[in-house]
Amino acid sequence: MSDEQQAAESEPSTPRKGRRRGRTRKRHVVARVLLTTAVVLAMVTGLSVVFLTRHLEGNVTVLDPRAQLSNRPDKVDTDSGPKEPLNILVMGSDARDGAGNNIDGLIGDGARSDTTILMHLSADRKHAYGVSIPRDSLVTRPECKDEDGKTIPGGENQMWNTAFALGGPACTIQQFEQLTDVRIDHFVVVDFAGFRDMVDAIDGVEVCIPEDIEDPAHGISIPAGTRQIRGKEALNYVRARYTLGDGSDIGRIQRQQAFVAAMANKVVSGGTLARPDRVIRFLNAATKSLIVDPGLKSVVDMGKLGLGFKGIGLDNIKFVTVPWAYDTREGFEGRVVWLPDAKNVWRKVRADEPLSKRLSEGSIDAGNLPGATPSGSPDGSPSGSPTTSPGGSPSPDVDEDQAAAREAAGLCA
């Protein structure tokens, strides 16, 4: 074969080989681009999660009260579920010296706690209930220690919230444990700004206000109606007392319970969990104004606690007030005392048992809100029985005593 023939026969094969190599290089380039993009996205996503976690954890204030507590009750081994029952003491602080807390010009006036709720989460994670303690309860306050280890003397016929004013969360925990024999697992303190910002993070909470709320002395003016409230208006609603309902602290407690239940309803069934922007805003608002124990110092710890409520239907998250009566002694008018049934409530908590129908009479639950039909269960389906008919009149499920109690609290029937 001549040199010309060999060259001619070899010419077609050279371009084909070159084209195959070109396609291979192109595929390799595309693969490398996709791989690099995936790695970058993974890194950015991972860094975002790390940044968000560190940011949220940097917001939280951690307080370890264990050195200030003494004679603590033992945790009862109930063997009532696969997990451990949990008792979380929630305290609202009215301190005015934090950013956004000076809402009425009383800065420097100290810190009190007008809100104390014991949240109990069952071991089987099938029910939870909150027990509110009136701040006007007269109790025998035990001695406790301040942060420097100095003893704060106790006293007879002391208002419940005196302990917080004198010694902060630790003295309130000491008082609670000594009077109830219930051991606290975790505690949370939230201030005015934190509460307001959490409400704003979920775009407000719907309430039913039966009459105008006018309290010029405290700068509160809220018109009647069923609507979403947020910001300072929401804060004023849960603080209002003397010009709404019967003007009692008990009425204010019931409004606070209804409001917290409505918040839980919206977070669980109102689309909040499906909106990352709302979830992040809510977590950011919550963590910025919280004081917690070391067991809740990380977002992971808080998340684990939150998951404990995941399988509980809204109807199974109830709020009650410790059984009480007005003090009839001269000089103690307007104050309240705990009834003997209070011991049964704390016994149920210790034993991790649901509250009986009698002890939960007049309770408010997140799936059965005053003046509104329920939004739904955790999966979005309807849950519970509506408290009102579509026209707004009380349903047969709301008895006359309960309707009267809600009217006295300034709640819709």
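This one's a predicted model, so the numbers in the text were calculated from it and none came from an experiment.

Peer 1: Would you explain the side chain of Asp-365 in this entry?
Peer 2: For Asp-365, the position within the fold is in strand E18 (residues 364-365). Filtering out sequence-adjacent residues up to four positions away, Asp-365 remains in contact with Ala-261, Leu-314, Asp-315, Ile-317 and Lys-318.

Peer 1: Any chance you could explain the environment of Val-190 here in plain terms?
Peer 2: Relative to the assigned elements, Val-190 resides in strand E9 (residues 186-191). Judged by its relative accessible area of 16%, Val-190 falls in the buried class. Separated by 77 residues in the primary sequence, Val-190 and Ser-113 have C-alpha atoms spaced 9.8 Å apart. If sequence neighbours within four positions are ignored, Val-190 has contacts with Met-91, Gly-92, Ser-93, Phe-195, Met-198, Ser-289 and Leu-290.

Peer 1: When you look at the pattern of salt bridges in this model, what are you seeing that I'm missing?
Peer 2: It is possible for side chains of opposite charge to pair when their charged atoms get near one another. Within the structure shown, the criterion is met by 14 salt bridges. In this structure, Arg-72 and Glu-177 form a salt bridge, with 2.6 Å as the shortest nitrogen-oxygen distance. With a gap of 105 residues between them, Arg-72 in the loop between strand E1 (61-62) and strand E2 (86-93) and Glu-177 in helix H3 (residues 162-180) connect regions that are remote in the sequence. Residue classification places Arg-72 among the partly exposed positions, given a relative accessible area of 22%. Overall, the relative accessible area of 1% leaves Glu-177 in the buried class.

Peer 1: Is there a simple way to think about helix H7 (residues 276-288) in this case?
Peer 2: One turn of the α-helix equals 3.6 residues, which is why residues spaced by three or four share an orientation. Here H7 is 13 residues long and its end C-alpha atoms lie 18 Å apart, about the 18 Å a rise of 1.5 Å per residue gives. Taken together, the buried positions of H7 are Arg-278, Phe-282, Ala-285, Ala-286 and Thr-287.

Peer 1: Teacher, can you tell me more about the state of the cysteines here?
Peer 2: Each disulfide is one covalent bond, formed between the sulfur atoms of two cysteines. In the structure shown here, the tally under the stated rule is one disulfide. Between the sulfur atoms of Cys-144 and its disulfide mate Cys-171 the distance is 1.9 Å. Of note, the bridge from Cys-144 to Cys-171 carries an S-S torsion of about 90° and is right-handed in sense. Of this pair, Cys-144 sits in strand E6 (residues 144-145) while Cys-171 sits in helix H3, and the two are 27 residues apart along the sequence.

Peer 1: Quick question: what am I supposed to make of the packing of aromatic side chains here?
Peer 2: When we look at a pair of aromatic rings, we describe it by the centre distance and by the angle of the planes. This model, assessed by the stated rule, comprises six aromatic pairs. Between Trp-160 and Trp-338, the aromatic rings sit 5.9 Å apart at their centres with planes inclined by 40°, giving tilted as the arrangement. Of the two residues, Trp-160 sits in the loop between strand E8 (155-159) and H3 while Trp-338 sits in strand E17 (residues 336-338), which places them 178 residues apart along the sequence. The exposure class of Trp-338 is partly exposed, given its relative accessible area of 21%. When the centroid spacing of 6.1 Å and the interplanar angle of 45° are considered together, the rings of Tyr-237 and Phe-259 count as tilted.

Peer 1: So what exactly am I meant to see when it comes to the nonpolar core here?
Peer 2: If you look at soluble globular proteins, the nonpolar side chains tend to sit buried side by side. Ranked by size, the top nonpolar core spans 48 residues in total, and within it Tyr-237, Phe-259 and Met-263 carry the most contacts. Sorting elements by how many residues they give to this core places helix H6 (residues 249-269) first, with six residues. Ignoring any residue separated from it by four or fewer positions in sequence, one finds Met-263 in contact with Phe-195, Met-198, Val-199, Ile-202, Val-205 and Phe-282. One finds Val-131, Phe-164, Ala-342 and Leu-359 within the second-largest nonpolar core, a separate group that totals 25 residues.

Peer 1: What should I look at first to understand unusual backbone geometry in this one?
Peer 2: For residues other than glycine, phi is negative in most cases, and the peptide bonds are mostly trans. The backbone of Asn-71 sits at a positive phi, close to 50°, despite the residue not being glycine. Tracing the chain through its elements places Asn-71 in the loop between E1 and E2. Classification of Asn-71 by relative accessible area gives exposed; the value is 64%. The backbone of Asp-203 shows a phi angle near 65°, a positive value even though the residue is not glycine. Checked against the element boundaries, Asp-203 lands in the loop between helix H4 (192-201) and strand E10 (205-209). The exposure class assigned to Asp-203 is partly exposed, which follows from its relative accessible area of 28%.

Peer 1: Help me understand the packing of H4 against helix H5 (residues 231-239) in this model?
Peer 2: Each pair of packed helices gets described by two things: the angle between the helix axes and the distance between those axes. Where H4 meets H5, the closest approach of the two axes is 9 Å, and the angle between their N-to-C directions is 120°. Considering their axes alone, H4 and H5 lie oblique with respect to each other. Crossing of H4 over H5 shows right-handed handedness. Taking contact as the criterion, the partners of Phe-192, Phe-195, Arg-196, Val-199 and Asp-200 in H4 are, on H5, Gly-231, Lys-232, Ala-234, Leu-235, Val-238 and Arg-239. Residues that form the contact of H4 with H5 fall into these classes: six nonpolar, one polar and four charged.

Peer 1: Help me understand the environment of Ile-209, please; the structure alone is not making it clear to me.
Peer 2: Along the polypeptide, Ile-209 turns up in strand E10. Judged by its relative accessible area of 2%, Ile-209 is buried. In sequence terms Ile-209 and Ala-224 are 15 residues apart; their C-alpha atoms lie 4.9 Å from each other. Not counting the four nearest positions on each side in its chain, Ile-209 is found in contact with Ile-222, Pro-223, Ala-224, Gly-225, Tyr-237 and Cys-412.

About the cut-offs
- Residues numbered from 1 in each chain as written.
- Predicted model: local features only at pLDDT ≥ 70, side-chain atom pairs only at ≥ 80, totals over all residues.
- Heavy atoms only, no water.
- Helix = DSSP H or I, 4+ residues; strand = E, 2+ residues; numbered from the N terminus.
- Contact = heavy atoms within 4.5 Å.
- Buried < 20%, exposed > 50% of the residue type's maximum accessible area, 1.4 Å probe, protein only.
- Salt bridge = Lys/Arg side-chain N within 4 Å of Asp/Glu carboxyl O.
- Expected span 1.5 Å × (residues − 1).
- Disulfide = S-S within 2.5 Å.
- Phe/Tyr/Trp six-rings, centres within 6.5 Å; stacked < 30°, edge-to-face > 60°.
- Core = buried A, V, L, I, M, F, W, Y, C linked by side-chain atoms within 4.5 Å.
- Axes fitted to C-alpha atoms, helices over the stretch in contact; angles between N-to-C directions.
- Parallel < 35°, antiparallel > 145°, perpendicular 65-115°, else oblique.
- Left-handed = near helix turned anticlockwise from the far one by under 90°.
- Nonpolar A, V, L, I, M, F, W, Y, C, P; charged D, E, K, R; others polar.

Everything listed is a geometric property; what it means functionally is a separate question.
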